[in-house]
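Coordinates in review
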Amino acid sequence: MTIYLHDTLQRRKVVFEPLQAGRVTMYLCGPTVYNYAHIGNARPAVVFDVLAGLLRRRYEVIFARNITDVDDKINAASVETGKPIDEITARFIKAYNDDMGALGVLPPDIQPRATEHIAEMIEMIEKLVADGFAYAADGHVLFDVAAFDRYGQLSKRDVRELIAGARVEVAPYKRAPQDFVLWKPSTPELPGWTSPWGRGRPGWHIECSAMSEKHLGRTIDIHAGGQDLVFPHHENELAQSTCAHGGEVFARHWLHNGFLSMDSTKMSKSLGNVLLVHDLVKTIPGEVIRLALLSAHYRQPLDWSDDLLESSRKMLDRIYGALRNIQLVADVRESAEPASAVLAALEDDLNTPKALSELFNLVRQLNKTDETGQRMAHAATLLASAALMGIAQGDAEVWFSGNTGSDLSADNIRRLIDERNAARAAKDFAIADAKRDELQSAGIIIEDGPSGTTWRRAN
Ligand code: AMP
Ligand code: ZN
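Procedures and definitions
Residues numbered from 1 in each chain as written. Chains lettered and ligands numbered in written order. Predicted model: local features only at pLDDT ≥ 70, side-chain atom pairs only at ≥ 80, totals over all residues. Heavy atoms only, no water. Helix = DSSP H or I, 4+ residues; strand = E, 2+ residues; numbered from the N terminus. Contact = heavy atoms within 4.5 Å. Near = heavy atom within 4 Å. Polar contact = N/O pair within 3.5 Å; in protein donor to acceptor, adjacent residues only side chain to side chain. Areas by Shrake-Rupley, 256 points an atom, 1.4 Å probe, with all protein chains shown as cover. Nonpolar A, V, L, I, M, F, W, Y, C, P; charged D, E, K, R; others polar. Donors = N, O, S within 2.8 Å, 3.2 Å for Na, K, Ca; no water. Tetrahedral: all angles 85-135°; square planar, octahedral: opposite > 155°, others 65-115°. Pairing = 2+ DSSP bridges. Axes fitted to C-alpha atoms, helices over the stretch in contact; angles between N-to-C directions. Domains from an automatic or database assignment. Buried area = accessible area lost by both parts, 1.4 Å probe. Salt bridge = Lys/Arg side-chain N within 4 Å of Asp/Glu carboxyl O. Buried < 20%, exposed > 50% of the residue type's maximum accessible area, 1.4 Å probe, protein only.

What follows concerns the side chain of Gln240. Mapped onto the fold, Gln240 is located in helix H7 (residues 230-244). When near neighbours in sequence (up to four residues on either side) are disregarded, Gln240 contacts Leu128, Phe143, Phe180, Leu182, His205, Ile206 and Ser209.

Here we take up the site of ligand 1. Taken together, 17 residues surround ligand 1, and among them Gly40, Gly226, Asp228, Leu260 and Met267 come closest. At 3.1 Å from an oxygen atom of ligand 1 is found a main-chain nitrogen or oxygen belonging to Gly226. Between Leu260 and ligand 1, the recorded distance is 2.7 Å, taken from a backbone N or O atom to a nitrogen atom. The protein chains hide 90% of the 490 Å² of surface that ligand 1 would expose on its own. In terms of residue count, the dominant contributor to the shell around ligand 1 is helix H1 (residues 39-56) (three residues). Taken together, the residues of the shell around ligand 1 break down into six nonpolar, eight polar and three charged.

Coordination of the zinc ion (ligand 2) by the protein comes from Cys29 (SG), Cys208 (SG), His233 (NE2) and Glu237 (OE), over a distance range of 2.0 to 2.6 Å. Coordination at the zinc ion (ligand 2) is irregular, judged from the four donor atoms that bind it and the angles of 71 to 129 degrees they form at the metal. Each donor residue of the zinc ion (ligand 2) lies on the same chain, and together they follow the pattern C-x178-C-x24-H-x3-E. Of this pair, Cys29 sits in the loop between strand E3 (23-28) and H1 while Cys208 sits in helix H6 (residues 204-216); the two residues are 179 residues apart in sequence, bridging distant segments of the chain.

The next subject is the sheet that holds strand E7 (residues 180-185). Taken together, the four strands give an open sheet; going across it, the order is E5-E6-E7-E8, and neighbouring strands pair in antiparallel fashion. The outermost strands of the open sheet, each flanked by one partner alone, are strand E5 (134-137) and strand E8 (200-202). When the angles between neighbouring strand axes are averaged without regard to direction, this sheet yields 20 degrees. Sheet analysis places strand E6 (residues 140-143) next to E7, joined by three bridges and oriented antiparallel. What sits directly across from Phe143, in E7, is Phe180.

Moving on, we get to the environment of Ser312. Relative to the helices and strands, Ser312 is located in helix H10 (residues 306-323). Between the C-alpha atoms of Ser312 and Ser295, which are 17 residues apart in sequence, the distance is 7.9 Å. With residues near it in sequence (within four places) discarded, Ser312 still touches Val288, Leu291 and Ala292.

This paragraph deals with the domain arrangement of the protein. For the protein, the assigned domains are domain 1 (4-257), domain 2 (262-399) and domain 3 (404-457). For domain 1 and domain 2, the distance between their C-alpha centroids amounts to 31 Å. Summed over both partners, the interface of domain 1 with domain 2 comes to about 3,000 Å²; 62% of that surface belongs to carbon and sulfur atoms. For the domain 1 face of the interface with domain 2, the top three residues by lost area are His38, Ile39 and Arg43, together amounting to 24%. Linking domain 1 with domain 2 are five salt bridges. Ionic pairing is found between Asp49 and Arg290, a salt bridge with its closest N-O pair at 2.9 Å. Sorting elements by how many residues they give to the side of domain 1 that touches domain 2 places H1 first, with twelve residues. Class assignment for the residues of the side of domain 1 that touches domain 2 results in 18 nonpolar, ten polar and seven charged.

The tally for this structure, following the rule as stated, stands at 25 salt bridges. For Lys214, the salt bridge goes to Glu120, with nearest N and O atoms at 3.2 Å. Placement of Lys214 in helix H6 and of Glu120 in helix H4 (residues 118-130) is noted, with a sequence separation of 94 residues between them. The partly exposed category is assigned to Lys214, whose relative accessible area is 46%. When its relative accessible area of 22% is taken as the criterion, Glu120 is described as partly exposed. Among the salt bridges present, the one from Asp221 reaches Arg252, with a minimum N-O distance of 3.5 Å. With Asp221 in strand E9 (residues 220-226) and Arg252 in strand E10 (residues 251-257), this residue pair connects regions lying 31 residues apart in the sequence. With a relative accessible area of 3%, Asp221 lands in the buried category.

As structure tokens, then:
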């Protein structure tokens, strides 16, 4: 089967083909580590984690997700808190990895840190200067946008518009307003490294160009990130890498996720309308948040709300509810293949809404099957299919006991059920009904079946 991905550069869905048969290189722009990740920042991490997993079924995958640990926002956080930069970055790298882990995001194969690649950045900048694509001025090095005639191709921007739109006051060391910084000088109190242009630090864009080349080579198969990175970050990475590599293709496929918003406003640290993953995972199962992030197609906007979380929790209830009371033999579970309809939806530009609706077809099929062997087979297919999205892999009983969605704890529900069943056995139907009503008014429905009494949330 073929994998289709939407490529931002070509503005269309294309057949995915890696440069080398059987091997995929993928780079995702990672976090700038000066505070906690918000749920919008988690969207690319989750979406491209699903893509990496999907690709691993067919290819050897080398997936790099970097850490930007030198940046003016980090410097500002250090001034504001009085804490050393290293302490801030170490703390938020750990928090980022823990928070993404709580959402079921697997660690990438490589997590390069910008500060560990300064030599590679300097080398790339020197090459750009030597080949006439960049110039040094006043302790800065600037990329000469006019020297690269395809500049603007990724974001479909016209350089003339960029010039017209640039702020009136242009830094005196720039030849043209659209030229961007590759290197800038540092004052003694700021982080800095010795370079041919004096003590300084890199611009943000060159970090990713240097790190992706170091770990994945000159041409990468997939370059991914949020939509806001198309311009200027990815446009500039594309210009730098193409020019430093004698015109070789930098990324064969560009993938960008849409924005996550709240009340229709983009979630962003600068606007201050953020929900931190770190806080959310304290009260909401990571799996629910993960599913909420996958409920819309990754290129579409996604509006975050309590209703979205509630419907995601109910979807997991339905999946776990169908899997409940089925003991899968390890062999059956391990050898199960996902349903082809779920796989096909994901291989069609990561169509997670379609994949989820196919998953619910499997749930329905399982629920209406009585024969034990067939139920096992359906359950194994359902589990293998849900695994493609990294959901519903836990124990169904644990899911329901930790997540009653009612004021009653799982233990109290079980106690009321036992009391009701004891009353029934003693033919004390008034008490039995009273217990059932008590459960019902707390939003819990009970059902008597061949393996005893089970409960579920109402609706
Ligand atoms: P940052 O730490 O701000 O560089 O962002 C890390 C990643 O999160 C980048 O890929 C951004 O494009 C992405 N991102 C930031 N805000 C949002 C949002 N509201 N919705 C979706 N992705 C976002
Ligand atoms: Zn980047």
